[in-house]
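Understanding the architecture of this molecule
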Amino acid sequence: MQKNKINRLLVANRGEIACRIIRSASEMGIETTVIYSQCDNDSLAVRLADNAVEIGPSPASKSYLDIQAIVNVALDNDIDAIHPGYGFLAENAQFAQAVEDAGKLFIGPSSRTIRLMGDKLAAREIAREAGVPIAEGSQSRLDSLEEMCTTAKEAGYPVLIKASAGGGGRGIRVANNQEELKCLAPQARAEAQAAFGDGTLFVEKYIPQARHVEVQILGDGNRVIHCYERECSLQRRRQKVWEEAPALILTDEIREKICASAVTLAGHVNYRGAGTVEFLYDEGTEEFYFLEMNTRIQVEHPVTEMVCGLDLIREMIWIAQGNPLRLEQGEIRIHGHAIECRINAENPHRDFMPSPGIAESVTFPAGPGIRFDTMLFSGCNIPPYYDSMIGKLVVWDDSREAALARLRRALSELAVEGIHTTKSLHQALAEDDDVVALNIHTGFLEQWLRQRPVTTDRHIM
Amino acid sequence: MTTKTVLSPLPGIFYRKPTPDDLPYKDEGNPCEAGDVIGLVEVMKSFHEVKSDVAGTVVRFLVNDEEAVVAGQPLMEVEE
């Protein structure tokens, strides 16, 4: 592949990830342009970028999801490459295709790879072909309820009903027996058809109390390396809340196996760019099972950057320019421990009610081992139109115990006035005996929240 | 007879229908009980039902379907 030097980069996203991408590009001497919607006209990303172009009205469907409008900005501004960030169009094969067709570089894998991995049933088949362990379940698309019942019986209840076009935890249901499966499957199919335009379902054995372990990989189309793993078991409504690297529950032997599996899978599709292979890990049996592959930079990538001493956005840009990977596997080493807390504009004392508005005054934590990736500044507007995540507090230290102490200190320094945030949830988690002992699983946080009475007393939360 | 208004509890986008293909929750002239759902507000990618706190007959809507609203904005008039 010939080298395509990127001189001008378009950031097709908003919020903290737009700022994150602008910062890396700027360090590489690349001129940055960011798109913004009406309500984001004075955002931090707009302030940080060299250029900013208004793309449309505030609702995402009329701005950050408008493929043609974004491609037009790239064409009108002599842009070389587009970084999609995460969310919005980051895993939209049609968008990647439109960027390719416009003769611009899409910073990520090819539209073909995105399409392949976006079909969760197809991804399961690729994993099977590559010899990567998958949970028992469907071998192919299940058209009839009878086929689903047979597959579920073979796998053993409880099972998960998943939409092939879903992913990221969307549209998943648990069936504990055949009766429930018969009742839930038609609903799931109708919902998947409405949400994704594709009602294809599959079933998979449900592993209770599993941990979410995922492996960061980098590929250049020929060679794939891994940057070790993250544990993201603390989740609410299948959304990650707190992430760590490395996953200390793994023995070195299993760590090598799970990372090798991720490399094999990505190698099987000649993966190019940064990606994440997600697994469920069953602590009891020490088995892991492929969940899905995400073909984008992930929200929680900073914990990997902290322990590996890398800039993954820089590597993505490097690869997109047609270069081979800069690093050999042996050069990637884990040093210390990192924890990320997602700070959301939500009120944890009122069932996580969203809390948009003006962040009148913001005080950032600082000092050794602290990184705060955010779009916040004092007086900034947090609009109601988009995701509630407003910052990611990341701490690093040489051990998990020290990182937890540093996290408690950093959380106590963080102050956001004017809107509610999930800071107090993280403070409570950082003090919790089970969290401190790493005695957690993907259902842990919801159980933990149910055991706490609804209260407005921030000291009880 | 007095006219009362139902206010939006949240800022966001107001929807009069459960999905784009459905009929509106309430139309002008419909009866309305306290606790009836009159619409949805989408805020930060989550949907919240707006329930009437008054009973009577729907007189008119003060915002359109899919219009941006602020917290406390009057959405619907009800004649008691």
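What you see is a predicted model; the values in this text were computed from it and never measured.

Regarding its fold elements, chain A presents 15 helices and 22 strands. Taken over C-alpha atoms, the radius of gyration comes to 22 Å for chain A, in line with the 23 Å a tight globule of 461 residues would show. The principal-axis extent of the C-alpha atoms belonging to chain A is close to 60 × 55 × 45 Å. By residue count, 50% of the 461 residues in chain A fall in the buried class. Relative to all contacts within chain A whose residues are 6 or more apart in sequence, the contacts with residues 24 or more apart total 66%.

Attention now moves to the overall build of chain B. Looking only at helices and strands, chain B features 0 helices and 8 strands. For 80 residues, the compact-globule formula gives about 12 Å, and the C-alpha radius of gyration of chain B, at 12 Å, lands near that figure. With the C-alpha coordinates aligned to their principal axes, the bounding extent of chain B is approximately 40 × 25 × 20 Å. For chain B, long-range pairs separated by at least 24 residues make up 61% of all intrachain contacts whose partners lie at least 6 apart in sequence.

In this section: the interface of chain A and chain B. How big an interface is tends to be stated in terms of accessible area lost as the parts join. Counting residues at the interface gives 8 residues for chain A, matched by 7 residues for chain B. Of the residues assigned to the side of chain A that touches chain B, the class counts are 6 nonpolar, 1 polar and 1 charged.

This next bit is on the nonpolar core. By size, the foremost hydrophobic cluster in this structure holds 153 residues, and its most contacted members are Val11, Val34, Ala45, Ile217, Phe279 and Ala338 of chain A. Among all residues touching Val34 of chain A, those that are not within four sequence positions of it are Val11, Ala18, Ile22, Ala45, Val46, Ala49 and Ala52 of chain A.

With that out of the way, let us pick up the environment of Val58 of chain B. For Val58 of chain B, the position within the fold is in strand E6 (residues 56–61). With residues near it in sequence (within four places) discarded, Val58 of chain B still touches Lys26, Asp27, Glu28, Gly29, Asn30, Cys32, Met76 and Val78 of chain B.

Bringing helix H4 (residues 93–101) of chain A into the picture now. All names here are of chain A. Taken as a whole, H4 has its buried residues at Ala93, Phe95, Ala96, Ala98 and Val99. Its buried side turned inward, H4 meets helix H3 (67–76), strand E4 (81–83), strand E5 (105–106) and helix H5 (111–118). Gly103, located one to two residues past H4, shows a positive phi value of around 80°.

So, on to the domain arrangement of chain A. In terms of domains, chain A is made up of domain 1 (8–107), domain 2 (136–205) and domain 3 (211–450). One C-alpha centre belongs to domain 2 of chain A, the other to domain 3 of chain A; they are set 29 Å apart.

This part covers the sheet that holds strand E2 (residues 12–15) of chain B. All names here are of chain B. Strands sit in the order E5-E4-E2-E7 across an open sheet of 4 strands; the sheet is antiparallel. The open sheet is flanked by strand E5 (46–51) and strand E7 (67–69), the only strands paired with a single partner. For this sheet, the mean inter-axis angle between neighbouring strands, taken without regard to orientation, is 35°. In the sheet, E2 pairs with E7 via 3 bridges, with the strands oriented antiparallel. Of the residues in E7, the one forming a bridge with Phe14 is Glu67.

So, on to the packing of helix H1 (residues 15–27) of chain A against helix H11 (residues 312–320) of chain A. Residue and element names in this part refer to chain A. Contact geometry of H1 with H11 gives a least axis separation of 9 Å together with a crossing angle of 65°. Considering how the two elements wind past one another, H1 and H11 form a crossing that is right-handed. Contacts from Arg20, Ile21, Ser24 and Ala25 of H1 reach H11 at Ile313, Arg314 and Ile317. When grouped by side-chain class, the residues that make up the contact of H1 with H11 number 4 nonpolar, 1 polar and 2 charged.

Consecutive side chains along a regular strand alternate between the two faces of the sheet. All names here are of chain A. Where strand E1 (residues 8–11) meets strand E2 (residues 31–37), 4 bridges bridge the pair, whose relative direction is parallel. Among the inter-strand pairings, Arg8 is bridged to a residue of E2, identified as Glu31. For E1 and E4, the ladder comprises 3 bridges, and the chain directions are parallel. Paired with Val11 across the strands is His83, a residue of E4.

Residues and elements named next belong to chain A. Here we have 3 strands laid out as an open sheet, ordered E7-E6-E8, and antiparallel in their pairing. At either end of the open sheet lies a strand with only one pairing partner, and these are strand E7 (173–175) and strand E8 (201–205). Between one strand axis and the next, the sheet turns through 30° on average, direction left out of account. Here strand E6 (residues 159–163) pairs with E8 via 5 bridges, running antiparallel. Paired with Ile161 across the bridge in E8 is Val203. Relative to the sheet, helix H8 (residues 178–196) contacts E6, E7 and E8, its axis offset from that of E6 by approximately 20°.

Let us look at unusual backbone geometry. Residues and elements named next belong to chain A. Looking along the chain, the bond that leaves Tyr157 and enters Pro158 is cis, with omega of -5°. Inspection of the secondary structure puts Pro158 in the loop between helix H7 (145–155) and E6. The linkage connecting Ala245 with the following residue, Pro246, adopts the cis geometry, with an omega of -5°. Within the fold, Pro246 resides in the loop between strand E11 (239–245) and helix H9 (252–268). Phi is positive for Tyr228, which is not a glycine, with a value near 60°. Checked against the element boundaries, Tyr228 lands in strand E10 (residues 224–236). In this structure Tyr228 comes out as buried when scored by C-beta crowding, with 22 C-beta atoms within 10 Å. Residues other than glycine seldom take positive phi values, yet Asn270 does so here, at roughly 50°.

Moving on, we come to helix H13 (residues 423–431) of chain A. All names here are of chain A. Restricting attention to buried positions, one finds in H13 the residues Lys423, Leu425, His426, Leu429 and Ala430. Taken down its axis, H13 places every buried residue within 155° of arc, on the same side. On its buried side, H13 packs onto E10, E11, strand E14 (337–344), helix H12 (400–413) and helix H14 (433–436).

What counts and how
Residues numbered from 1 in each chain as written. Chains lettered and ligands numbered in written order. Predicted model: local features only at pLDDT ≥ 70, side-chain atom pairs only at ≥ 80, totals over all residues. Helix = DSSP H or I, 4+ residues; strand = E, 2+ residues; numbered from the N terminus. Rg over C-alpha atoms; globule rule 2.2 N^0.38 Å. Buried ≥ 20, exposed ≤ 12 C-beta atoms within 10 Å, placed from the backbone. Contact = placed C-beta atoms within 7 Å. Nonpolar A, V, L, I, M, F, W, Y, C, P; charged D, E, K, R; others polar. Core = buried A, V, L, I, M, F, W, Y, C linked by C-beta atoms within 7 Å. Domains from an automatic or database assignment. Pairing = 2+ DSSP bridges. Axes fitted to C-alpha atoms, helices over the stretch in contact; angles between N-to-C directions. Left-handed = near helix turned anticlockwise from the far one by under 90°. Arc of directions from axis to C-beta.

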